[in-house]
Amino acid sequence: MVFSSNIFLFLFLPAFLGLYYLTPFRHRSLVILIGSYAFYAWWRVDFLLLFVAVTFWNYFIGLAIHRAGVGTASARKWVAIGVGGDLATLGYFKYANFGVDSLNDLLVSAGSQPLELANIILPIGISFYIFQAISYVVDVYRGDTEPTRRFIDFAAFIALFPQLIAGPVLRYKDLADQFTYRTHTMEKFGEGAFRFMQGFIKKVFIADSIAPLADSAFALSDPSTADAWLGILAYTAQLYFDFSGYSDMAIGLGLMMGFRFNENFNQPYISQSITEFWRRWHISLSTWLRDYLYIPLGGNRNSTVKTYRNLLLTMLLGGLWHGANWTFLLWGAWHGLLLSVERALGVSGSPSGFRFFRWALTFLFVMLGWVTFRASTLTEAFGFYGAMFSFDGAGLSDVFVQGIRDLNLAILVLAFGVIAMMGLKDRLGHREVGPILSGWRSAAAPLLVPVFALAVLKLSAESFSPFLYFQF
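Reading the values: rules and limits
Residues numbered from 1 in each chain as written. Predicted model: local features only at pLDDT ≥ 70, side-chain atom pairs only at ≥ 80, totals over all residues. Heavy atoms only, no water. Axes fitted to C-alpha atoms, helices over the stretch in contact; angles between N-to-C directions. Helix = DSSP H or I, 4+ residues; strand = E, 2+ residues; numbered from the N terminus. Parallel < 35°, antiparallel > 145°, perpendicular 65-115°, else oblique. Contact = heavy atoms within 4.5 Å. Nonpolar A, V, L, I, M, F, W, Y, C, P; charged D, E, K, R; others polar. Core = buried A, V, L, I, M, F, W, Y, C linked by side-chain atoms within 4.5 Å. Buried < 20%, exposed > 50% of the residue type's maximum accessible area, 1.4 Å probe, protein only. Patch = residues over 30% accessible without salt bridge, like charges linked within 9 Å, V, L, I, M, F, W, Y side chains within 5 Å. Areas by Shrake-Rupley, 256 points an atom, 1.4 Å probe, with all protein chains shown as cover. Salt bridge = Lys/Arg side-chain N within 4 Å of Asp/Glu carboxyl O. pLDDT = per-residue confidence, 0-100.

Focus on the packing of helix α3 (residues 46-68) against helix α5 (residues 126-142)
- With their axes 8 Å apart at the nearest point, α3 and α5 run at an angle of 10° to one another. Judged on the interaxial angle alone, α5 and α3 are roughly parallel. Contact residues: Leu 50, Phe 51, Val 54, Asn 58, Ile 61, Gly 62, Ile 65 and His 66 in α3; Ile 126, Tyr 129, Ile 130, Ala 133, Tyr 136, Val 137, Val 140 and Tyr 141 in α5.
- Classifying every residue of the contact of α3 with α5 by side-chain character gives 13 nonpolar, 3 polar and no charged.

Set out below in structure tokens:
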């Protein structure tokens, strides 16, 4: 089940919220758990068993760590067992096919017979809920949070359906108090509904309308330079509005249930360095990688060479987390290399002003990275790069033009207009542009519901609208 579907909007969500608010507070975690399991099982019931097993595993590991005592050898043993089990689960389901396929390529090239392995289905959302489980046991080991004594609360945290499939990556220590006590008001519910509708519009009305531009460009066997640049511009906007739209919807649903999640995006495309970009893009993942991978590797506490090594390893593993493909490893290596270069040059991750050249260069580097992120194979990625920089002067190809409409181009222009406007507010501050944006929002607010209704009609006219990050 996905948020951008009629069955979620008109059946699951009203039924869940009705039952949730009719239930006394002390039993609402159970309602969340049942509703989230139903939400997940809509995809495949059998993988719900794996989900439940991961939940029990990490709950009891957390209790064992706490009993052993923070910082003790026994606690280190338990955290190693817990994290090892989580990573083994993720590794088997997400990377076994990739590992065997890569090994078979070597065996075939050496003239040997390939190995046979039944194709392993990737459980949806496994990357997100495994990372949440790991953060829980590590935080208990570090003493950053007390292990919950109520299994229902922990199970509800792991299964919380608003962010279950594509994040944000939540941490139990940030929500522990909210499971004990949280407010439910009409104001908070209205804020959540407003945020949900914003995200829905970003996904269905903007991202899905841009998608044909990107899909058509990457499907071409021999794209022109114009095809390639228009295609990667479209994918750059599509990915942002698709994923940030999901995050908005997740945050909005959380507010409807009384939870306040951390933000996951903060105008990433106005960044003036890759360091700043990773402070603004998929914030929950970048901070997770920092706290549970980069810092444990040593961070920047050792030699300069080891700092660069840690940056590169963190981004390589961050790329691999996104998918079992050499393209994601290359994407991670690209960002790790850029982060290392910026650290060597002393580039600030929190600039005080706006420098156009730095912004333009950063935006170019981000787009170049998105090529490997979008491409299915390295061959396809390098072919696309070749098209981007061949400068053939041929303009848009006839094949590409046949697959797109003027509306797709108009929505693309609108998308970058929104990015520019919100970036302007971020860079110039509220004093300079606040009155303009306030006036615009006042004028646009009454249009939110009608535009949301149009987006629902658009969704109904189409068959299926999955989120891009579902594949990770």
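Picking up after the structure, the text goes on.
Things to note about the nonpolar core
- Grouped together as the largest cluster of nonpolar side chains are 90 residues, with contacts concentrated most on Phe 3, Phe 8, Tyr 129, Phe 196 and Phe 200.
- Setting aside residues no more than four positions away along its own chain, Phe 3 makes contact with Phe 8, Leu 9, Phe 39, Phe 161, Pro 162, Phe 196, Phe 200, Tyr 246, Met 249, Ala 250, Leu 253 and Phe 467.
- With 50 residues, the next largest nonpolar core counts Leu 230, Ile 232, Leu 311 and Met 315 among its residues.

Overview of unusual backbone geometry
- A positive phi angle, close to 50°, is found at Gln 267, a residue other than glycine.
- Among the structural elements, Gln 267 can be located in the loop between α10 (225-256) and α11 (274-280).
- One non-glycine residue with positive phi stands out, namely Phe 391, at about 50°.
- Inspection of the secondary structure puts Phe 391 in the loop between α16 (378-388) and α17 (398-402).
- Looking at Phe 391, the relative accessible area reads 60%, which means it is exposed.

Observations concerning a nonpolar patch on the surface
- Taken together, the side chains of Trp 326, Leu 330, Leu 378 and Phe 382 present a nonpolar region at the surface, about 380 Å² in accessible area.
- For the nonpolar patch, the elements supplying multiple residues, two or more each, are α14 (326-345) and α16.
- Looking at the element boundaries, Leu 378 is found in helix α16.
- For Leu 378, a relative accessible area of 31% gives the class partly exposed.

Description of the environment of Thr 23
- Summarising the element assignment, Thr 23 is placed in the loop between α1 (6-22) and α2 (28-41).
- Residue Thr 23 is classed as buried on the basis of its relative accessible area of 13%.
- Excluding residues that lie within four positions of it along the chain, Thr 23 makes contacts with Arg 28 and Val 31.

A closer look at the confidence of the model for the protein
- Of the residues in the protein, 92% reach a pLDDT of 70 or more, and the chain-wide mean stands at 88.
- For the protein, the element scoring lowest by mean pLDDT is helix α19 (residues 430-444), at 56; helix α15 (residues 356-374) scores highest, at 96.

A look at the pattern of salt bridges
- Summed over the entire model, instances satisfying the criterion amount to 11 salt bridges.
- Notably, a salt bridge pairs Asp 153 with Arg 150, separated by 3.0 Å at the nearest N-O pair.
- Linked by salt bridges that have partners in common, Arg 195, Lys 202, Asp 248 and Glu 263 make up one network.

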